[in-house]
Structure formats: structure tokens, C-alpha cells
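Remarks on the overall topology
Here are the chains, one letter per residue:
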Amino acid sequence: MIIEQFIDQKILEMHAYVGAVIEQKLHYTELDRFILDTMSEWTLLNVVDETPHSAKERVFWHLMHEVSLHGAQALGQDLFFKSEMNTCLDFFNGSGSYPIDCIGWRPIA
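Quick summary incoming for the structure in this document. Computed from a prediction, not measured in an experiment: that's the story for all the values here.

Regarding the side chain of Lys 10
Among the structural elements, Lys 10 can be located in helix H1 (residues 3–22). Within the structure, the side chain of Lys 10 is placed 2.8 Å from the side chain of Glu 41, a separation counted as a polar contact. Apart from the residues lying within four places of it in its own chain, the contact partners of Lys 10 are Phe 34, Thr 38, Glu 41 and Phe 60.

Here's the deal with helix H5 (residues 79–93)
Helix length check: H5 (15 residues) gives 21 Å between terminal C-alpha atoms against 21 Å at 1.5 Å per residue, within 8%. Taken as a whole, H5 has its buried residues at Phe 81, Glu 84, Met 85, Cys 88, Leu 89, Phe 91 and Phe 92. Buried residues of H5, viewed axially, fall in a sector of 155°; they line one side. When the buried face of H5 is taken as reference, the exposed residues oriented beyond 90 degrees from it are Leu 79 and Phe 80. A positive backbone phi angle near 85° is found at Gly 94, which sits one or two residues after H5.

Concerning the packing of H1 against helix H2 (residues 28–43)
At their nearest, the axes of H1 and H2 sit 9 Å apart, and the two run at 170° to each other. Judged by the angle between their axes, H1 and H2 are roughly antiparallel. Side by side, H1 and H2 meet where Ile 3, Phe 6, Ile 7, Lys 10, Glu 13, Met 14, Tyr 17, Val 18 and Val 21 of the first sit next to Tyr 28, Glu 30, Leu 31, Phe 34, Ile 35, Thr 38, Glu 41 and Trp 42 of the second. Residue composition of the contact of H1 with H2, by class: 12 nonpolar, 1 polar and 4 charged.

Some points on the pattern of salt bridges
Inspection of every chain in the model, using the stated rule, returns 6 salt bridges. For Lys 10, the salt bridge is made with Glu 13, and the minimal N-O distance between the two is 3.1 Å. One end of the pair, Lys 10, and the other, Glu 13, are both in helix H1, 3 residues apart, so they sit about a helical turn from each other. For Lys 10, a relative accessible area of 6% gives the class buried. A relative accessible area of 24% means that Glu 13 is categorised as partly exposed. Residue Lys 10 is joined to Glu 41 by a salt bridge in which the shortest nitrogen-to-oxygen separation is 2.8 Å. Placement of the pair is Lys 10 in helix H1 and Glu 41 in helix H2, with a sequence separation of 31 residues. On the basis of relative accessibility, which here comes to 34%, the residue Glu 41 falls in the partly exposed class. Residues participating in the shared-partner salt-bridge network are Lys 10, Glu 13 and Glu 41.

Cut-offs applied
- Residues numbered from 1 in each chain as written.
- Predicted model: local features only at pLDDT ≥ 70, side-chain atom pairs only at ≥ 80, totals over all residues.
- Heavy atoms only, no water.
- Helix = DSSP H or I, 4+ residues; strand = E, 2+ residues; numbered from the N terminus.
- Polar contact = N/O pair within 3.5 Å; in protein donor to acceptor, adjacent residues only side chain to side chain.
- Contact = heavy atoms within 4.5 Å.
- Expected span 1.5 Å × (residues − 1).
- Buried < 20%, exposed > 50% of the residue type's maximum accessible area, 1.4 Å probe, protein only.
- Arc of directions from axis to C-beta.
- Axes fitted to C-alpha atoms, helices over the stretch in contact; angles between N-to-C directions.
- Parallel < 35°, antiparallel > 145°, perpendicular 65-115°, else oblique.
- Nonpolar A, V, L, I, M, F, W, Y, C, P; charged D, E, K, R; others polar.
- Salt bridge = Lys/Arg side-chain N within 4 Å of Asp/Glu carboxyl O.

So, in C-alpha cells, the structure goes:
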């Protein structure tokens, strides 16, 4: 699987998970598990390139890092965090602009 395909698939999944947690249709621990699983899958790709290739990928990694840092439970407790995550989801949908202060770097082995 090439990196772009991986990112595109994971964006769809991330969108579904984050949206479901925000709407309280899914327990936040499922999103935390998705993050861990995605990072494990990423290591199997043996990526060594340090520079993300697209704005979409940078926003994806920003979302991944932010949820990892704050924990998915913050989506239910922190309105600012929830707003920031919604901004990222809107960007993925094409209905929003590139998130302010988005720093998403691709992890490398």
C-alpha cells in the first residue's frame, strides 16, 4: 500500500471515529484504540521520508497527534479541542479551510 492510499483510507476512518465520539455515538476509548492501531499499521510501511506530501496529510497527522496528546476523552470535555477537531474534519470534507496552527508531521522509523 502506498502512503497516499493509506492516508486517504485512514482519513475516512478518522472522520468516522472523531465524528461518532463528538456525537456521543461511540465511546472515546474506541478512538484511542484506532489511533494506536493506525500508528502500528504505519510502522509496517517503513516510511523514512520526513516531509508530508500534502495539506490533507498534514491535517491528518495533526489530528492524530492532537488526539494522542489530549486523549479522545477531551472531545467530550474540552470545547476548544472539539472545535479544533471539527475544523480539521471540515477541511477533509472540503467545507472548511486549512486549520490555523496545524502542524502535522509524518512519523518516521
